[in-house]
Amino acid sequence: MTNELKKITQEQLNEILKQHKLWLESLGKKGKKADLSHMDLRGLSFVMSCVDSINFTGSDLRGTDFEYVKWAYNLATIEKGMPTVIMDYVNFKGANFRRTKINAVRFKGANLQGANFKNVILDMVDFIDTNLQGADFTRTPMSRVKFDGANLQGANFSDTDLSDTNWTDASNLDANYTGACLRSYHSLGGLIGKNLKEAKLQKVNLFGVLLINTDLHGANLKGAYLVDALLIKANLSNANLEGANLKGADLRIANLENANLKGARFKEAQLESANLQGANLENANIESAFLRGANLQGTNLKSANLHDASLRSANLQGANLENANLISTGLSNANLQDTNLKYANLERADLSYANLSHANVEGARAKNANSYKANVEGVDLDTIFQY
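Below you will find a few notes about this structure. (Residues numbered from 1 in each chain as written. Predicted model: local features only at pLDDT ≥ 70, side-chain atom pairs only at ≥ 80, totals over all residues. Heavy atoms only, no water.)

## Focus: the pairing of strand S5 (residues 121-126)
Link 1 in the chain: Of all six residues in S5, five are buried; the element is thus mostly enclosed.
Link 2 in the chain: Relative to S5, strand S4 (residues 101-106) runs parallel, the two sharing five bridges. Bridging from a neighbouring strand, Ile102 pairs with Leu122 of S5.
Link 3 in the chain: Inspection of the sheet shows S5 paired to strand S6 (residues 142-143) by two bridges, in the parallel sense. Bridge pairing links Leu122 to Met142 in S6. (Buried < 20%, exposed > 50% of the residue type's maximum accessible area, 1.4 Å probe, protein only. Helix = DSSP H or I, 4+ residues; strand = E, 2+ residues; numbered from the N terminus. Pairing = 2+ DSSP bridges.)

Given below as structure tokens:
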């Protein structure tokens, strides 16, 4: 393909850009509009030039330097929502776009593998069906940016605000989103049912995000902000959510098996029928959460706060609830067989019809707890404080 493209020198390019600048400044009366389509421009420099209205379709710009380039000369064109530069199907592999503001540019079907967009300002840019594997978008301000159908595998979005972006049908989302902000209707609708296995999402802002049926197996969400996020049927098995904030999040029927949820906040979260088997919830705040019918078999809930939470018909067999706060917790019909309730506070808890057989209740407090028709076979009730 490269042999079929017209090759020019840096000196020739400089003259073309000089004439193009005159054409822009004179509104077409002087100079000549540049046409750089189907050219071999590998390794050339566009530093500090203006590329507004240039057609680059089908050209090879691998390793090209666009530092300090001016992309839009006519701001009125941007306001009309029209692309000023067409970069369709251009090869930009390894190109440098640092220290530029890219306005109204279309990169449809382009190859931007390994391109450097670090600290670049992107406004009204289309990356539709673009290859962005390994591209660096660290701390890149974005507004009205489209990633529809783009390949984002290995891309770096660290500390980037992605709230005004569109991800419809984007593929290979296994990118680095550490510290990024993904909250918005536009950016998030495209994440429903997506594959984010083992994605790097530490401290990411996912407020109110739609992640229904999304695969987040093994993802790193340590310290993530997931308040009011919709994670119904999401797969979070083996994920790291240590210290994450999931207040009010909807995790109904979600899979959190063997997930690290140490110190996570689930206050008022919906976890009905969720699978938390083998998960680590030590020191987690689950106050007023709804876990009816949830599977917490073998879960570590040591020192967890379950005050006023509803665990009716939940399976807690073999779970560790040592020193847990279970004040006013609803545990009716729950399975607490072989559970460790050592030093747990069960004051005013509802244990009616619960299965507590062979549970360890040493030093537990159960003042005013309701144990109507509870199964306490093999339980040493003498060790309960204020029973």
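## Looking at the side chain of Thr140
Link 1 in the chain: Considering the arrangement of structural elements, one finds Thr140 in the loop between S5 and S6.
Link 2 in the chain: For Thr140, the contacting residues outside a window of four places in its chain are Phe117, Lys118, Asn119, Val120, Leu122 and Thr160. (Contact = heavy atoms within 4.5 Å.)

## Some words on empty space enclosed by the protein
A probe as big as a water molecule, rolled over the atoms, marks out the empty space that is left.
Link 1 in the chain: Throughout the structure, instances matching the rule amount to four cavities of 30 Å³ or more.
Link 2 in the chain: For the second largest cavity, the calculated volume is near 70 Å³.
Link 3 in the chain: Forming the walls of the second largest cavity are Trp167, Tyr177, Leu182, Leu191, Leu196, Leu201, Leu206, Leu211 and Leu216.
Link 4 in the chain: Here the lining of the second largest cavity is built from residues that sort into nine nonpolar, no polar and no charged. (1 Å grid on protein atoms, 1.4 Å probe; cavity = no way out; pocket = protein on both sides within 12 Å on 5 of 7 lines; lining within 4 Å. Points joined across faces, edges and corners; volume = space filled by probe spheres on them. Nonpolar A, V, L, I, M, F, W, Y, C, P; charged D, E, K, R; others polar.)

## Topic: helix H1 (residues 10-25)
Link 1 in the chain: The end-to-end C-alpha separation of H1 is 22 Å, in line with the 22 Å expected for 16 residues at 1.5 Å each.
Link 2 in the chain: Regarding H1, the residues found buried are Leu13, Leu17, His20 and Leu24. Buried residues of H1, viewed axially, fall in a sector of 60°; they line one side. Opposite the packed face of H1, turned more than 90 degrees from it, sit the exposed residues Glu11 and Lys18.
Link 3 in the chain: Following H1 by one or two positions, Leu27 has its phi on the positive side, about 55°. (Expected span 1.5 Å × (residues − 1). Arc of directions from axis to C-beta.)

## Points about the packing of aromatic side chains
Link 1 in the chain: Taken as a whole, this structure holds 25 aromatic pairs when the rule is applied.
Link 2 in the chain: Between Phe97 and Phe107 the ring centres are 6.2 Å apart and the planes differ by 85°, which places this aromatic pair in the edge-to-face class. Separated by ten residues along the polypeptide, Phe97 in the loop between strand S3 (85-86) and S4 and Phe107 in the loop between S4 and S5 bring together distant segments of the chain. When sorted by exposure, Phe97 lands in the same class as Phe107, which is buried. (Phe/Tyr/Trp six-rings, centres within 6.5 Å; stacked < 30°, edge-to-face > 60°.)

## Looking at a nonpolar patch on the surface
Link 1 in the chain: Residues Val47, Met48 and Tyr68 make up a contiguous nonpolar surface patch of roughly 330 Å² in combined accessible area.
Link 2 in the chain: Position of Val47 relative to the elements: it lies in the loop between strand S2 (39-40) and helix H2 (75-79).
Link 3 in the chain: When its relative accessible area of 34% is taken as the criterion, Val47 is described as partly exposed. (Patch = residues over 30% accessible without salt bridge, like charges linked within 9 Å, V, L, I, M, F, W, Y side chains within 5 Å. Areas by Shrake-Rupley, 256 points an atom, 1.4 Å probe, with all protein chains shown as cover. Salt bridge = Lys/Arg side-chain N within 4 Å of Asp/Glu carboxyl O.)

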